[in-house]
Amino acid sequence: HDAGEYPFRVQVALAGHELCTKFSQPPSEHAISEDLQELLRGLLEGGQSQESLEKSLHLESYDYEIKKLRARLRPDDEELKRDVSKQLKDRHATTPMFEQVLQILVPDREAVLRPGAVVELRLIDKKDKLLDTIRIEAKRILDSEDKTLNGPFRLAGLGGKARLVGSLRLRFY
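Counting of residues starts from 1 at the beginning of each chain's written sequence and follows it residue by residue. For this predicted model, a pLDDT threshold of at least 70 governs which residues receive local features, and a threshold of 80 or more governs which side-chain atom pairs are given and counted, while totals over whole chains, interfaces and linings are taken from all residues. Heavy atoms throughout the structure, all of them, feed into the side-chain values; hydrogens and water do not.

1. Examining the overall build of the protein
Here a helix means four or more residues in a row that DSSP labels H or I, a strand means two or more in a row labelled E, and each is numbered from the N terminus. Across its full length, the protein carries six helices and eight strands. Walking the protein from its N terminus toward its C terminus, one meets helices and strands in the order β-β-α-α-α-α-α-β-β-α-β-β-β-β. Radius of gyration: over C-alpha atoms. The globule rule applied is 2.2 Å multiplied by the number of residues raised to the 0.38 power. A globule of 173 residues ought to have a C-alpha radius of gyration of about 16 Å, yet the protein, at 21 Å, is considerably larger. Over its C-alpha atoms, taken along the principal directions, the protein stretches across nearly 70 × 35 × 25 Å. Using a 1.4 Å probe on the protein chains alone, a residue whose accessible area is under 20% of its type maximum counts as buried, one over 50% counts as exposed, and one in between counts as partly exposed. In the protein, which comprises 173 residues, the proportion classed as buried is 34%. Here the contacts in the protein between residues at least 6 apart in sequence split such that 55% fall between residues at least 24 apart. Approximately 11,400 Å² of the protein is accessible, and the part contributed by carbon and sulfur atoms is 49%. The distance from the centre of the 29 positive side-chain charges to the centre of the 30 negative ones in the protein is 4 Å. Any two residues whose heavy atoms approach within 4.5 Å at even a single point are treated as in contact. Note on areas: Shrake-Rupley, 1.4 Å probe, and residue coverage restricted to the protein chains presented here. Positive charge is attributed to Lys and Arg, negative charge to Asp and Glu, and no charge count is given to His or to the chain ends. Where a charge lies is defined by one atom per residue type: Lys uses NZ, Arg uses CZ, Asp uses CG and Glu uses CD.

In structure tokens:
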């Protein structure tokens, strides 16, 4: 199944109105203190493998950051540079971050309250190709506590593994 090309956007549609996020960003990197960087640098230069460092120091989730540090220590290692670049692309493609709040102003309150009214969340790639759509009944959101429905929301068309993490809230003024 074609998962599209990153970066991605999420388009939200309700009652004939649409709004779209900005393009996604890769997940932010873990911050590694200068002291820890010095320690890692010394151990890597001393011949310790990245894998054993990650395991012994419980830094398994820091794989990308340590690999970047290794690449800085070995600037002539083209294979390592390609690996870091590929890992960044993979992180962006598999864990895109939007970190945005979208607010759609719908002037017709009755359009939202009408039976069958839905909120659509559409995942779109950088070429404006629609990858998948999630349809959520507005009533389901309105019936939720504080009129807020928390995700994650599964994208069934992408093998069921992809999901949008966030929440949907309906308010009336």
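2. Quick notes on the pattern of salt bridges
A pairing counts as a salt bridge when a side-chain nitrogen of Lys or Arg comes within 4 Å of a carboxyl oxygen of Asp or Glu. Evaluated as defined, the whole model comprises 15 salt bridges. Of the charged contacts, one joins D83 and K67 as a salt bridge, the two residues approaching to 3.0 Å between their closest N and O atoms. Separated by 16 residues along the polypeptide, D83 in helix α4 (residues 78-94) and K67 in helix α3 (residues 63-73) bring together distant segments of the chain. Linked by salt bridges that have partners in common, E18, E120, R122 and R135 make up one network.

That's the geometry; what it means functionally is another story.
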